[in-house]
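# Fold and geometry: a report
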Amino acid sequence: MKFLKYILIVVVVTWQGYAQSEDEKQIKAIYETALTQSKSYDWLNYLSNQIGGRLSGSIQAQQAVDYTKAQLDSMGLDKVWLQPVMVPKWVRGTPEFAYVETAPGITTNLPICALGGSVATPLQGIKANIIEVNGIKDLEVLGADKIKGKIVFFNKPMDPTLISTFESYSGCVGQRYAGAMEAVKYGAVGVIVRSMNLRLDDYPHTGSMGYGDLEVWERIPAAAISTKGAEFLSATLKLSPNANFYFKQSCKVYNDVESFNVIGEIKGSTYPDEIIVVGGHLDSWDLGDGSHDDGAGCVQSMDVLRLLKESGYTPKRTIRVVLFMNEENGLRGGKKYAEVAKNKKEKHVFALESDAGGFSPRGFSFDCSEGDFKKVKSWGPLFEPYLVHMLVKGYSGADIGPLKDDGIVLAGLRPDSQRYFDHHHSEYDTFDHVNKRELELGAAAMSSLVYLFDKYGVEKTK
Ligand SMILES: [Zn+2]
């Protein structure tokens, strides 16, 4: 009996050693392929420089659908298709204009941009006193007496002491999303929101905002101001509390239009019914060209299928790339994809999203069971040679979120986040700020994780 146990231990240990070296070899092949034959950077170059910003419902968004579909078609996948989805269409209109006026005729122009979803100002613009607050909670303290008839200036900065800049972002993005609908309750006539940016510069950063249940006629215009503009405005208001603020924007909401998620897959050789999804979002904001957010995630996801093929791996499960439409101002693509998957009773076992910029990969976050997380942690040593150290539990990503159920592992690529919000949703999000090698390392890390989940499956499906 004791002898048998010994034999068993030897077999298990030897097998584990063998499996480990197989994995090491495969991951090495993936990285070498990514760093020598990746297509991510060329695809991103086209998306960013030939097409540009891809706001949902725009001509550019449609061009991006056509381009990425054609690229997937050329990759020799088993199936490539477009999944129709209705998306909102909001357009910015003519460039916004703003100034602060400290005395009649004494004005300083300030850089603003309309927030996505905002209504326009009246044609002649809005001019009113402006009152600064440090977030939504201040509105109640001030009350309608102090706010009525004024523009509210939300100036809560991102917390620079947090190492995760995403945490810092979530700490103050509420004022951007809900500032207008909250301020209107106290009689505000417009809102100006400090850009979600840790650095001081002249770029206003847009982003989605909502009006909740407000009727169309109750809605007030909302715009973002650059961080330097916010600092200037705040300093001005300390010296001249009765300063006026003027702004003008002509954005508009149109009826929903049809767009598409772009999808391609390699059929699994052993478990074709088990689906692994890897994706990013194809739409972007209209300022800049959406290279980091999220052109990078799209091209990396497309490359995952290529890199697995080119590095000589035959997936056991079906590997599907999904380029989601409309993450930024509606999440319609993510919701549609999950809805269709549910209706077709498709079995998704693993979904990986890249939507945090094309920077050096640090690791992944996982939304999964303890058992699956334990398994992920055991893969840690495989990633260490590539300086991918962070395997943590946490939020995976917006587009794959609607797929969540008990049987799926959701994961998000976590690149270094320190510079992400310099670019996010602004004119500064352009191709020249994406480093080719960092982008490729991200694609390689993603491919390696997809390889491991494909090979070993997830807990529930064993
Ligand atoms: Zn994004």
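Because the structure is a prediction, the values reported are computed rather than measured. (Residues numbered from 1 in each chain as written. Predicted model: local features only at pLDDT ≥ 70, side-chain atom pairs only at ≥ 80, totals over all residues. Heavy atoms only, no water.)

### Details of the overall build of the protein
Just so we agree on the cut-off: Where helices and strands are cited, they refer to DSSP runs of H or I of at least four residues and of E of at least two residues respectively, numbered from the N terminus. We compute the radius of gyration over the C-alpha atoms and compare it with the globule rule, which gives 2.2 Å times the number of residues raised to the power 0.38. Buried, partly exposed and exposed residues are distinguished by accessible area as a fraction of the type maximum, computed with a 1.4 Å probe on protein chains only: under 20%, between the cut-offs, and over 50%, respectively. Residue burial considers only the protein chains on display, and all accessible areas are found by Shrake-Rupley using a 1.4 Å probe. For the purpose of counting charges, residues Lys and Arg are taken to be positive, whereas Asp and Glu are taken to be negative. His and the chain ends are not included. By convention, the charge on Lys lies at NZ, on Arg at CZ, on Asp at CG and on Glu at CD.
Counting secondary structure elements, the protein contains 13 helices and 16 strands. In summary, the protein has a C-alpha radius of gyration of 24 Å against a globular reference of 23 Å for 462 residues, a match within 12%. Each of the three principal axes of the protein carries a C-alpha extent, and together these read 95 × 45 × 40 Å. A total of 462 residues make up the protein; the buried ones form 56% of that total. If you sum the accessible surface of the protein, you get close to 19900 Å²; carbon and sulfur atoms cover 55% of it. Counting 51 positive and 57 negative side-chain charges, the protein places the centres of these two groups 4 Å from one another.

### A closer look at the sheet that holds strand β14 (residues 361-367)
Hydrogen bonds between backbone atoms are what pair the strands of a sheet, whose relative direction is either parallel or antiparallel. What counts here: Note: two strands are recorded as paired if DSSP finds a minimum of 2 bridges between them. Axis lines are fitted through C-alpha atoms, for helices just across the contact stretch, and the angle between N-to-C directions can take any value from 0 to 180 degrees.
Taking strand neighbours across the sheet as the criterion, the eight strands line up as β1-β10-β12-β11-β13-β16-β14-β15 in an open arrangement whose pairing is mixed. Looking at the sheet topology across the chains shown, the edges are occupied by β1 (79-91) and β15 (390-393). Taking each pair of neighbouring strands and ignoring which way they run, the sheet shows an average axis angle of 20 degrees. Of the strand pairs in this sheet, β1 and strand β10 (residues 252-266) are connected by twelve bridges, and their pairing is antiparallel. Counted as the bridge partner of L82 is V262 from β10.

### A closer look at the sheet that holds strand β8 (residues 222-225)
As a reminder, the rule being used: We call two residues in contact when some of their heavy atoms are within 4.5 Å.
Taken together, the eight strands give an open sheet; going across it, the order is β3-β2-β9-β5-β6-β7-β8-β4, and neighbouring strands pair in mixed fashion. Either end of the sheet is taken by a strand with one partner, and the two such strands are β3 (106-109) and β4 (112-114). Within this sheet the neighbouring strands show an average axis-to-axis angle of 30 degrees, counted without direction. In the sheet, β4 pairs with β8 via three bridges, with the strands oriented antiparallel. Residue pairing for β8: I112 is matched across the bridge by I225. Here helix α4 (residues 137-147) sits on the sheet and contacts β5 (126-133) and β6 (151-154); the angle it forms with β5, its principal contact strand, is near 145 degrees.

### Looking at the packing of aromatic side chains
Note the cut-off: Centres within 6.5 Å are what make two rings of Phe, Tyr or Trp a pair, Trp counting through its six-membered ring; a difference in plane orientation under 30 degrees is then read as stacked, over 60 as edge-to-face, and the rest as tilted. We call a charge positioned over a ring when the NZ of a Lys or the CZ of an Arg lies within 6 Å of the ring centre and within 35 degrees of the ring normal.
This model, assessed by the stated rule, comprises 22 aromatic pairs. Seen from their ring centres, F97 and Y99 are 5.9 Å apart, and the 70 degrees between their planes marks the pair as edge-to-face. Geometrically, the ring pair formed by F166 and Y420 is stacked, given 5.2 Å between the ring centres and 25 degrees between the ring planes. With F166 in helix α5 (residues 165-172) and Y420 in helix α12 (residues 420-423), the pair connects residues that are 254 residues apart, well separated along the chain. Under the relative-accessibility criterion, F166 is labelled partly exposed at 27%. Cluster of aromatic residues (ring-pair linked, three or more members): F166, Y169, F359, Y420 and F421. One Lys or Arg, R199, reaches over the ring of Y428 and ends 4.3 Å from the middle of that ring. Here the guanidinium or amino end of R414 rests over the ring plane of F166, the centre of that ring lying 5.9 Å away.

### As for the coordination of the zinc ion
Our working definition: As a rule, N, O and S atoms within 2.8 Å of a metal are its donors, except that Na, K and Ca use 3.2 Å; water is not among the atoms, so sites may look incomplete. Every angle between 85 and 135 degrees makes a four-donor site tetrahedral, while opposite donors more than 155 degrees apart, with all other angles between 65 and 115, make a four-donor site square planar and a six-donor site octahedral; other sites are irregular.
Only H281 (NE2), D293 (OD), D355 (OD) and D355 (OD) from the protein coordinate the zinc ion, and they sit 1.9 to 2.7 Å from it. One can describe the donor arrangement at the zinc ion as irregular, given that its four donor atoms subtend angles of 51 to 147 degrees at the metal.

### Digging into the layout of surface pockets
Quick note on the threshold: Lining residues are defined by having an atom within 4 Å of a point belonging to a cavity or pocket. Those points lie on a 1 Å grid over the protein atoms alone, cavities being sets where a 1.4 Å probe fits but cannot get out and pockets being open sets with protein on both sides within 12 Å along at least five of seven lines. Grid points are joined across faces, edges and corners, and a volume is the space filled by probe spheres set on the points. Each residue receives one of three labels: charged for Asp, Glu, Lys and Arg, nonpolar for Ala, Val, Leu, Ile, Met, Phe, Trp, Tyr, Cys and Pro, and polar for the others, Gly being one of them.
Volume-wise, the largest pocket comes out at about 800 Å³. Lining the largest pocket are 37 residues, with F166, D355, Y395, R414 and F421 sitting closest to its centre. Contributing elements (two or more residues each) for the lining of the largest pocket: α5, β14, β15, β16 (409-415) and α12. In terms of residue count, the dominant contributor to the lining of the largest pocket is β16 (four residues). Taken together, the residues of the lining of the largest pocket break down into 13 nonpolar, 14 polar and ten charged.

### Here's the deal with the side chain of D422
What counts, and what does not: For this document, the term salt bridge refers to a Lys or Arg side-chain nitrogen within 4 Å of an Asp or Glu carboxyl oxygen.
Mapped onto the elements of the fold, D422 is located in helix α12. Salt bridges are absent for the buried D422, whose nearest opposite-charge side chain, R199, sits at 4.1 Å. Setting aside residues no more than four positions away along its own chain, D422 makes contact with N197, R199, D201, H205 and Y428.

### Let's talk about the environment of R332
Checked against the element boundaries, R332 lands in helix α9 (residues 332-343). Distance in space between the C-alpha atoms of R332 and S56 is 10.0 Å, their sequence separation being 276 residues. Setting aside chain neighbours within four positions, we find R332 in contact with V85, M86, V87, P88, D256, M325 and N326.

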